[in-house]
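# Tertiary structure, described
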Amino acid sequence: VQLQASGGGLVQAGESLRLSCAASGSILRINSMGWYRQAPGKQRALAAVITSYSNTDYADSVKGRFTISRDNAKNTVYLQMNSLKPEDTAVYYCKADISSSNLVRRDYWGQGTLVTVSS
């Protein structure tokens, strides 16, 4: 099982970006999916999460600006980021709780995609 993240880049404050993360491999079921971010000199922290029932939760710092969604047919999770701020600058990682076809259930991480917001 692999997760491939994409969509990062350099934008100005107030602009938008959409991140994507696609899971591939011997997948039986994808449970929760989420986006974490790690700013320079800081620990990785949760930005948003979505369950298999599409219940969502967000860090307080992104509520009202970020929207997480998923396309189960494509095994993909998205993060729509609007009204970006310089403090959103970070490497964004996707994570998925996946049950693979050999009935092993564990978390998988994507490789990270850099988001840079200039003021």
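We now turn to the structure provided with this report.

Scoring rules and cut-offs
Residues numbered from 1 in each chain as written. Predicted model: local features only at pLDDT ≥ 70, side-chain atom pairs only at ≥ 80, totals over all residues. Heavy atoms only, no water. Helix = DSSP H or I, 4+ residues; strand = E, 2+ residues; numbered from the N terminus. Rg over C-alpha atoms; globule rule 2.2 N^0.38 Å. Contact = heavy atoms within 4.5 Å. Areas by Shrake-Rupley, 256 points an atom, 1.4 Å probe, with all protein chains shown as cover. Disulfide = S-S within 2.5 Å. Buried < 20%, exposed > 50% of the residue type's maximum accessible area, 1.4 Å probe, protein only. Phe/Tyr/Trp six-rings, centres within 6.5 Å; stacked < 30°, edge-to-face > 60°. Lys NZ or Arg CZ within 6 Å of the ring centre and 35° of its normal. Pairing = 2+ DSSP bridges. Axes fitted to C-alpha atoms, helices over the stretch in contact; angles between N-to-C directions.

## Considering the overall build of the chain
- When you go through the chain residue by residue, the secondary structure sums to zero helices and 11 strands.
- Taking 119 residues into account, the globule formula puts the C-alpha radius of gyration at 14 Å, and the chain, at 14 Å, falls close to it.
- If you line up the chain on its principal axes, its C-alpha atoms span 50 × 25 × 25 Å.
- Sequence-distant contacts in the chain: of pairs separated by 6 or more residues, those separated by 24 or more amount to 55%.
- Split by element, the accessible area of the chain, about 6400 Å² in all, is 46% carbon and sulfur.

## Topic: the state of the cysteines
- All told, the structure shown has one disulfide when counted by the stated rule.
- At a sulfur-sulfur separation of 2.0 Å, the disulfide partner of Cys-21 is Cys-94. On the sign convention where negative means left-handed, the S-S torsion of about 55° between Cys-21 and Cys-94 marks this disulfide as right-handed. Of this pair, Cys-21 sits in strand β3 (residues 17-24) while Cys-94 sits in strand β9 (residues 90-100), and the two are 73 residues apart along the sequence. Assigned by exposure class, Cys-21 and Cys-94 land together as buried.

## Looking at the packing of aromatic side chains
- All chains considered together, the criterion is met by two aromatic pairs.
- Plain terms: the ring middles of Tyr-93 and Trp-109 are 6.5 Å apart, the flat faces sit at 80° to each other, and that makes the pair edge-to-face. Separated by 16 residues along the polypeptide, Tyr-93 in strand β9 and Trp-109 in strand β10 (residues 105-109) bring together distant segments of the chain.
- For Tyr-93, a relative accessible area of 15% puts it in the buried group.
- By relative accessible area, which is 38% here, Trp-109 ends up partly exposed.
- Members of the aromatic cluster, connected to one another through ring pairs, are Tyr-36, Tyr-93 and Trp-109.
- Sitting over the ring of Trp-109, Arg-44 keeps its end group 4.7 Å from the ring centre.
- We note Arg-106 situated over the ring of Tyr-108; from NZ or CZ to the ring centre the distance is 4.0 Å.

## Describing the sheet that holds strand β1 (residues 2-6)
- Taken in spatial order, the four strands of this open sheet run β1-β3-β8-β7, and their pairing is antiparallel. Looking at which strands have only one partner, the edges of the open sheet turn out to be β1 and β7 (66-71). The mean inter-strand angle of the sheet, taken between neighbouring strand axes irrespective of direction, is 15°.
- Note: β3 against strand β8 (residues 76-81), six bridges, orientation antiparallel. Its bridge partner lying in β8, Arg-18 is registered against Gln-80.

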